[in-house]
Amino acid sequence: MTGSVHAALGAAIGRFIPNKPLAFVAGVASHFAGDVVPHHDMGPGETPLVFATMARIAQQHGLNSPQFWGALGGICPDFEHIPAELKKDPRRHEPMDEKLFPTHNGRVAHGGWSWPEGWGIAMQVALFLGGLYLAGTLGKPKQND
Ligand SMILES: [Zn+2]
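Residues numbered from 1 in each chain as written. Predicted model: local features only at pLDDT ≥ 70, side-chain atom pairs only at ≥ 80, totals over all residues.

For K88, which is not a glycine, the phi torsion comes out positive at approximately 55 degrees. Position of K88 among the secondary structure elements: in the loop between α5 (82–86) and α6 (117–135). (Helix = DSSP H or I, 4+ residues; strand = E, 2+ residues; numbered from the N terminus.)

Structural data, given as structure tokens:
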């Protein structure tokens, strides 16, 4: 999945796991599931959307919320892509032995997408909005008093 979808799904899981460390671990587990199911990826160009999603989750639920910790767990595994991206390593879009996460080093197959691209994008948008909806992140900002 795209990073913002990982964040949204992690936040949704966090809503139902009030224990923050557990929400974080469940977010990491959701990353695994999100990488394995067939999906259409968007690449590092969507990084600003990941930051915006995390900022919105923090705004709505706070940095100390299980939603935020679930979302952080959801995106954390992808942080290991950053060094190869910065170095513009030609192998960066393929599985690399140096990476730890099983769906990133090829030990577990990363889901591909063999249907029309539009459906792949539609699925990402649906999971993104559905995740944020389940997390309680959509709608008016919560009043903190
Ligand atoms: Zn990943």
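The topology assignment puts E94 in the loop between α5 and α6. Note on E94: 11 C-beta atoms within 10 Å, which makes it exposed. Distance from E94 to N105, taken between C-alpha atoms, is 8.2 Å for residues eleven residues apart in sequence. (Buried ≥ 20, exposed ≤ 12 C-beta atoms within 10 Å, placed from the backbone.)

For the rest of this paragraph, the subject is helix α3 (residues 47–61). Its 15 residues place the ends of α3 21 Å apart at the C-alpha level, agreeing with the 21 Å of an ideal helix rising 1.5 Å per residue. Taken residue by residue, α3 has T53, M54, R56, I57, Q60 and H61 as its buried positions. All buried residues of α3 fall inside an arc of 160 degrees around its axis, so they share one side. Among the exposed residues of α3, those oriented more than 90 degrees off its buried face are P48 and A55. Contacts from the buried residues of α3 go to α1 (3–15), α4 (66–75) and α6. (Expected span 1.5 Å × (residues − 1). Arc of directions from axis to C-beta. Contact = placed C-beta atoms within 7 Å.)

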